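Remarks on the overall topology
Residue strings, one per chain:
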Amino acid sequence: MKQASEFSGIRVIVTGSSSGIGEATARRLDGLGASVVVNSASSVEAGERVARALSDRSFYVQADIGRAEDRQRLIAQAAERALSGSWKKGALPDLWDGH
């Protein structure tokens, strides 16, 4: 099993993480030291609840990843948080090019 520090400094966006497998994945990655962006298309209260239950490295962004503008906003908010110093130094990959 991986140690918590192995994921320290790694940022992940877990889509569909307001419940079920996505939530379990977000909780596990947070527990292993990753900074997690909790995401859902419509379950805002549930997503915010999950993010509050995680470490202060993690937060919630509502976005429907089926919509290009929402994907771009999700990535932008995650990157903004990273650059603000709330997350450890590093860059987020360009996950979507807007197509």
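Residues numbered from 1 in each chain as written. Predicted model: local features only at pLDDT ≥ 70, side-chain atom pairs only at ≥ 80, totals over all residues. Heavy atoms only, no water.

1. A few points about the overall build of the protein
So the rule is basically this: Put simply, DSSP marks the helices as runs of H or I at least four residues long and the strands as runs of E at least two long, and each gets a number from the N terminus on. Note on classification: 1.4 Å probe, protein chains only; a residue is buried when its accessible area is under 20% of the maximum for its type, exposed when over 50%, partly exposed between these limits. Any pair of residues with heavy atoms lying within 4.5 Å of one another is described as a contacting pair. Per-residue and other accessible areas follow the Shrake-Rupley method at a 1.4 Å probe size, with only the shown protein chains counted as cover for residues.
A tally of regular secondary structure across the protein gives three helices and three strands. In the protein, which comprises 99 residues, the proportion classed as buried is 37%. Of all intrachain contacts in the protein linking residues separated by at least 6 positions in sequence, the fraction that spans at least 24 positions is 47%. Per element, the accessible surface of the protein, about 5700 Å² overall, is 52% carbon and sulfur.

2. What about the nonpolar core?
Filter applied, for reference: Throughout this description, the term nonpolar core refers to a set of buried Ala, Val, Leu, Ile, Met, Phe, Trp, Tyr and Cys residues connected via side-chain atoms within 4.5 Å.
Counting residues in each nonpolar core, the largest one holds 13 residues, and the members touching the most others are Val12, Val14, Leu29, Ala34, Val36, Val38 and Leu54. Sorting the residues of this core by element identifies strand S1 (11–14), helix H1 (20–31), strand S2 (35–40) and helix H2 (44–53) as the ones contributing at least two each. With six residues, the next largest nonpolar core counts Val37, Val61, Ala63 and Ala78 among its residues.

3. A short note on the sheet that holds S2
Put simply, the test is: Pairing between strands is defined by DSSP: at least two bridges between the two strands are required. Here the axes come from fitting lines to C-alpha atoms, over the contacting stretch only for helices, and the angles between their N-to-C directions go from 0 to 180 degrees.
Pairing is parallel across the open sheet formed by three strands, whose spatial order is S1-S2-S3. At either margin of the open sheet sits one strand with a lone partner, and together these are S1 and strand S3 (59–62). The sheet shows a mean angle of 25° between the axes of neighbouring strands, direction not considered. Relative to S3, S2 runs parallel, the two sharing four bridges. Residue pairing in the sheet places Val38 in a bridge with Tyr60 of S3. Sitting on the sheet, H1 is in contact with S1 and S2, with an inclination near 165° to S1. Against the sheet, H2 contacts S2 and S3, and its axis sits at roughly 160° relative to S3.

4. Some thoughts on the side chain of Asp70
Looking at where Asp70 falls in the secondary structure, it is placed in helix H3 (residues 68–83). In this structure Asp70 touches Ala63 and Asp64, once residues within four positions along its chain are discounted.

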